[in-house]
Amino acid sequence: MQLADLHAHTTASDGTFTPRQLVELAKQNGLAAVAVTDHDTTDGLAAAWAAGRELGVDVVPGIELSTTFEGREVHVLGYYYDPEHEELRDLTARMREDRLNRLDKMIGRLQDAGVSINKQEVLEEAQGAVGRPHIARVLIKKGYVRDIPEAFEQYLGSGKIGYVERLKVSPAEAVPLILRAGGVPVIAHPGLVGKDYLFDTLVPLGLVGLEAHHPDHPAEQRKHYEQLARHHGLLATGGSDFHGSGAEHRGALGSVHVPYTVVETLREKAAYKGWT
């Protein structure tokens, strides 16, 4: 059976592999397809797509939009959308600006608390779209924490000294936006959200799928979300949420996968056909 990993990150956001390295690893691991779903950016897609064509790996163009619902982070995956869609590009530009403003505030709070860290160190760590994991990696290098989970527990998690809220975007805004861009919207790792009633709102807005299979979903939870997908008439997707070495609570590339037929279904459901 041909397999696909539909959730992976590169250095365009908070991954540690370049887009090409990610595709090379997918080939090494025997995957027929890998999705590039960087946080709030499309910057890694072109390089990954070119590498996929060269190496014979089907690269699924994606994005993972950061949204908020009832005080909880909800990540909305989008697949096979038009990367030049004006409204989507405007949103990612605003998110990029917000990330930099948020970085300044977080570093200021950490410095006020006696943590020796500066903006340039974090930007050098980031390479692409900057986020809390990049601050965490600097904290690790400087010996303040042992790993990323500890960095979030002590400094960067909600309510901690270095936490600053992000730009407010709701999943009810993100799902229709991905549709308007010709793409296929899917809710990422719903088990980490814990608010299944959210689907009652999003399905009528055009939600197409939910990520039933994820490293942070135990076996029983995966079964639960497969059943929930059937109940709502949604496509059950899955992926490793691969970030690379040292990432938080994530699996090896391909360690969580779905049949390649899921890729074919996503492609069929996309209104935008520019990737074919």
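Quick caveat, the model's predicted, so the values are computed rather than measured.

Chemist: Explanation requested: the pattern of salt bridges in the structure shown.
Modeler: Any two side chains of opposite charge can pair, so long as their charged atoms come close to each other. Inspection of every chain in the model, using the stated rule, returns 16 salt bridges. Glu70 is the partner of Lys195 in a salt bridge, and the nearest nitrogen-oxygen pair spans 3.4 Å. Taken as a pair, Lys195 in the loop between strand 5 (184-187) and helix 8 (198-202) and Glu70 in the loop between strand 3 (58-69) and strand 4 (72-79) lie far apart in primary sequence, 125 residues in all. The network of salt bridges with shared partners includes Arg20, Glu24 and Glu54.

Chemist: Whenever I open this one, the packing of aromatic side chains confuses me. Can you help?
Modeler: The way to describe two aromatic rings as a pair is by their centre distance and the angle between their planes. Counting across every chain of the model gives 3 aromatic pairs. Ring centres 5.3 Å apart and planes at 75° place the aromatic pair Phe17 and Phe242 in the edge-to-face group. Of this pair, Phe17 sits in the loop between strand 1 (3-5) and helix 1 (19-28) while Phe242 sits in the loop between strand 7 (235-238) and strand 8 (258-259), and the two are 225 residues apart along the sequence.

Chemist: Can you walk me through the sheet that holds strand 8 in this structure?
Modeler: One key point about sheets: their strands pair by backbone hydrogen bonds, in either a parallel or an antiparallel sense. Reading across from one edge, 7-6-5-4-3-2-1-8 is the order of the 8 strands in this open sheet, with mixed pairing throughout. Two strands lie at the open edges of the sheet, namely strand 7 and strand 8, each paired on one side alone.

Chemist: What should I look at first to understand the packing of helix 3 (residues 86-112) against helix 4 (residues 119-126) in this one?
Modeler: Interaxial distance between helix 3 and helix 4 falls to 10 Å at its minimum, and their mutual angle equals 135°. The angle between helix 3 and helix 4 falls in the class oblique. In this structure, helix 3 meets helix 4 at a crossing whose hand is right-handed. On the side of helix 3, the interface is formed by Leu100, Leu103, Asp104 and Ile107, while helix 4 contributes Lys119, Val122 and Leu123. Residues belonging to the contact of helix 3 with helix 4 are distributed by class as follows: 5 nonpolar, no polar and 2 charged.

Chemist: Just checking my understanding: could you explain helix 7 (residues 171-180) for this structure?
Modeler: Residues separated by three or four positions in an α-helix point in the same direction, a consequence of the helix having 3.6 residues per turn. Among all positions of helix 7, only Pro171, Ala174, Val175, Pro176, Leu177 and Ile178 are buried. Where helix 7 is buried, its residues contact strand 3, strand 4, helix 3, strand 5 and helix 8. A positive backbone phi angle near 85° is found at Gly182, which sits one or two residues after helix 7.

Chemist: How should I be thinking about the environment of Tyr155 in this particular structure?
Modeler: Along the chain, the position of Tyr155 falls in helix 6 (residues 148-156). Sequence-distant contacts of Tyr155, that is, excluding residues within four places in its chain, are made with Leu110, Val115, Leu139, Tyr144, Val145, Glu150, Lys160, Ile161, Gly162 and Tyr163.

Chemist: Looking at this structure, how should I read helix 3?
Modeler: With 27 residues, helix 3 should cover 39 Å at 1.5 Å per step; its first-to-last C-alpha distance of 39 Å lies within 8% of that length. Taken as a whole, helix 3 has its buried residues at Leu88, Leu91, Thr92, Met95, Asp98, Arg99, Arg102, Leu103, Met106, Ile107 and Leu110. Residues of helix 3 that are buried in the fold lie against strand 3, helix 4, helix 5 (132-141), helix 6 and helix 7. Two residues or fewer past helix 3, Gly114 is found with a positive phi of approximately 90°.

Chemist: Explain the nonpolar core here, please?
Modeler: Where a protein is soluble and globular, its nonpolar side chains tend to be buried together. Formed by 64 residues in total, the largest nonpolar core has its most connected members in Leu6, Tyr79 and Leu253. When residues in this core are grouped by element, the largest group, 5 residues, is from strand 3. What Leu253 contacts, discounting residues up to four positions off in sequence, is Asp5, Ala8, Leu22, Leu25, Ala26, Asn29, Leu31, Val34, Ser240 and Phe242. Grouped together as the second largest cluster of nonpolar side chains are 20 residues, Leu110, Val122, Ile135 and Phe152 included.

Chemist: What is the right way to look at unusual backbone geometry in this model?
Modeler: In most cases, non-glycine residues show a negative phi, while peptide bonds are predominantly trans. With a phi close to 50°, Glu70 is a non-glycine residue in the positive phi region. Phi at Tyr80 takes a positive value of approximately 55°, unusual for a residue other than glycine. If you trace the backbone, Tyr80 turns up in the loop between strand 4 and helix 3.

Rules behind the numbers
- Residues numbered from 1 in each chain as written.
- Predicted model: local features only at pLDDT ≥ 70, side-chain atom pairs only at ≥ 80, totals over all residues.
- Heavy atoms only, no water.
- Salt bridge = Lys/Arg side-chain N within 4 Å of Asp/Glu carboxyl O.
- Helix = DSSP H or I, 4+ residues; strand = E, 2+ residues; numbered from the N terminus.
- Phe/Tyr/Trp six-rings, centres within 6.5 Å; stacked < 30°, edge-to-face > 60°.
- Pairing = 2+ DSSP bridges.
- Axes fitted to C-alpha atoms, helices over the stretch in contact; angles between N-to-C directions.
- Parallel < 35°, antiparallel > 145°, perpendicular 65-115°, else oblique.
- Left-handed = near helix turned anticlockwise from the far one by under 90°.
- Contact = heavy atoms within 4.5 Å.
- Nonpolar A, V, L, I, M, F, W, Y, C, P; charged D, E, K, R; others polar.
- Buried < 20%, exposed > 50% of the residue type's maximum accessible area, 1.4 Å probe, protein only.
- Expected span 1.5 Å × (residues − 1).
- Core = buried A, V, L, I, M, F, W, Y, C linked by side-chain atoms within 4.5 Å.

None of the figures reported here should be taken as evidence of function without further support.
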